[in-house]
Structure formats: C-alpha cells, structure tokens
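Analysis of the macromolecular model
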Amino acid sequence: MKQSGIWFFALHMLLLIYAAGSVCSKLASGYPFGSAAFVTLYGGSILSLGIYALGWQQIIKRLPLTTAYANKAVTVVWGMVFGVGLFREQIRLQQIAGAAVIMIGVILFSTANAEEPG
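Residues numbered from 1 in each chain as written. Predicted model: local features only at pLDDT ≥ 70, side-chain atom pairs only at ≥ 80, totals over all residues. Heavy atoms only, no water.

Section: the confidence of the model for the protein chain
Spelled out, the test is: Scored from 0 to 100, pLDDT reflects the predictor's confidence in each residue. Secondary structure elements follow DSSP: runs of H or I of four or more residues count as helices, runs of E of two or more count as strands, with numbering from the N terminus.
Averaged over the protein chain, the pLDDT score is 89; the fraction of residues at 70 or greater is 94%. The lowest-confidence element of the protein chain is helix H5 (residues 93-115), averaging 83 in pLDDT; the highest-confidence one is helix H2 (residues 36-62), averaging 96.

Below, the structure is given as structure tokens:
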C-alpha cells in the first residue's frame, strides 16, 4: 500500500472517531448533568475531539489540505450509520440521496486530485 493510501485510511479512521464524539455527546444528554454517566460520556466526547485535533494535524502534514477537507464530508454518512444503529432513527430517501451525492463528490474529488501531476 502506498504511503498516501495509509494516510488516507488514517484520515477516515480519524473521521470515524470524530463522529463517535458526537454520539457520546448525544448519549450524555440523556443523563442528569454531573452524574457519573454524563461525565463519562461527555469526557469521551472531549477525548475524541482531542484525538481528532492531534490526528488532524498529522493528516494535513501528509495529505493535500483540499483532499483532507473534502473527505470530512464523510462524517455525514457516519452520522447516519450511528443514528440508525444506535438511536433507531429513521432514514428518509432524501437523506440517502444526499449522502450518495456527498460520497460521489468525495470520490470524484479524490480521484481527480490523485491524477494531477506533482
């Protein structure tokens, strides 16, 4: 696997961690403020943001900034996956279509960027 492929994979794992932080925040909102569960879940949210911030700095050192930012849109898809899997939310056809447009855009941008010389 090429070095950039490893960093691209790392970017997507980092975006998964970023999306998981939002899950922790939503779960924390279901508990009384200051309770052990609230503090633990909210702490998990802050921890995921810290990991994301440190990891993001490493990613943008190694991948083009435009590529990294374009791929951040994948968190919308992760949000839908977590919403359905953990919170039993309903996904409408419009949301699926929107996620598909986002994914197509990310794929097109990433492949076009990969073909540029340099």
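From this point on, the discussion continues.
Considerations on the nonpolar core
Inclusion rule: Nonpolar core, defined: a set of buried Ala, Val, Leu, Ile, Met, Phe, Trp, Tyr and Cys residues in which side-chain atoms within 4.5 Å join the residues together. Partly exposed residues are those whose accessible area sits between 20% and 50% of the maximum for their type, while under 20% is buried and over 50% is exposed, using a 1.4 Å probe and protein chains only.
Core analysis: the largest hydrophobic core is formed by eight residues, namely Leu11, Leu14, Leu15, Tyr52, Trp56, Ile59, Leu63 and Ala68. Among the secondary structure elements, those contributing two or more residues to this core are helix H1 (3-28) and H2.

A look at a nonpolar patch on the surface
For clarity, the threshold we go by: Residues enter a patch when their relative accessible area is above 30% and they make no salt bridge; the linking distance is 9 Å between like charges and 5 Å between nonpolar side chains (Val, Leu, Ile, Met, Phe, Trp, Tyr). Methods summary: accessible areas were calculated by the Shrake-Rupley approach with a probe of 1.4 Å, and residue burial reflects only the protein chains presented. What counts as a salt bridge is simple: a side-chain nitrogen of Lys or Arg found within 4 Å of a carboxyl oxygen of Asp or Glu.
Where nonpolar side chains cluster on the molecular surface, the patch consists of Ile17, Leu47 and Ile51 and spans about 250 Å² of accessible area. Mapped onto the fold, Leu47 is located in helix H2.

Considering the environment of Arg62
To keep it simple, the criterion reads: Residues adjacent in sequence count toward polar contacts only when both atoms are side-chain atoms; beyond that, a polar contact is any pair of N or O atoms within 3.5 Å, and within protein one must be able to donate a hydrogen and the other to accept it.
Inspection of the secondary structure assignment puts Arg62 in helix H2. Considering only alpha carbons, one finds Arg62 and Val74, 12 residues apart in sequence, at a separation of 19 Å. Within the structure, the side chain of Arg62 is placed 2.8 Å from the side chain of Gln58, a separation counted as a polar contact.

Details of the pattern of salt bridges
Enumeration according to the criterion identifies one salt bridge in this entry. The partner of Lys26 in a salt bridge is Glu89, and the shortest N-O contact between them spans 2.5 Å. Taken as a pair, Lys26 in helix H1 and Glu89 in the loop between helix H4 (74-87) and H5 lie far apart in primary sequence, 63 residues in all.

Considering H1
Rule in force here: Any helix carries an expected span of 1.5 Å times its number of residues minus one. Throughout, a contact is declared for two residues whenever any of their heavy atoms are within 4.5 Å.
The end-to-end C-alpha distance of H1, which contains 26 residues, comes to 38 Å, matching closely the 38 Å that a straight helix rising 1.5 Å per residue would cover. Along H1, the residues that are buried comprise Leu11, His12, Leu14, Leu15, Ala19, Gly21, Val23, Cys24 and Ala28. Its buried side turned inward, H1 meets H2, helix H3 (65-71) and H4.

A word on H4
Over its 14 residues, H4 extends 19 Å from the first C-alpha to the last, a length consistent with the 20 Å expected when each residue adds 1.5 Å. Along H4, the residues classified as buried are Val74, Thr75, Met80, Phe82 and Gly83. Arg88 sits one or two positions beyond H4 and adopts a positive phi of about 55 degrees.

Quick notes on the packing of H1 against H2
Just so we agree on the cut-off: For helices, the axis comes from a line fit to the C-alpha atoms of the stretch in contact; other axes are also lines fit to C-alpha atoms, and the angle between any two N-to-C directions lies between 0 and 180 degrees. The scheme is simple: roughly parallel for angles under 35 degrees, roughly antiparallel for over 145, roughly perpendicular for 65 to 115, oblique for anything else. Two helices cross in a left-handed way if the nearer one is turned anticlockwise from the farther one by less than a right angle. They cross in a right-handed way if the turn is clockwise.
Viewed as axis vectors pointing N to C, H1 and H2 meet at an angle of 160 degrees, and their least axial separation amounts to 8 Å. For the element pair H1 / H2, the angle class is roughly antiparallel. Remark: the crossing between H1 and H2 carries left-handed chirality.

Brief notes about the packing of H1 against H4
Counted only if it meets this: Put simply, Ala, Val, Leu, Ile, Met, Phe, Trp, Tyr, Cys and Pro go in the nonpolar bin, Asp, Glu, Lys and Arg in the charged bin, and everything else, Gly too, in the polar bin.
Two elements in contact, H1 and H4, have axes whose closest approach is 9 Å; the angle formed by their N-to-C orientations is 45 degrees. Taken together, the axes of H1 and H4 are oblique relative to one another. For the pair H1 and H4, the sense of crossing is right-handed. Two secondary-structure elements touch here, H1 through His12, Leu15, Leu16, Tyr18, Ala19, Ala20, Val23, Lys26 and Leu27 and H4 through Val74, Thr75, Trp78, Phe82, Leu86 and Phe87. Its residues placed into classes, the contact of H1 with H4 shows 12 nonpolar, two polar and one charged.

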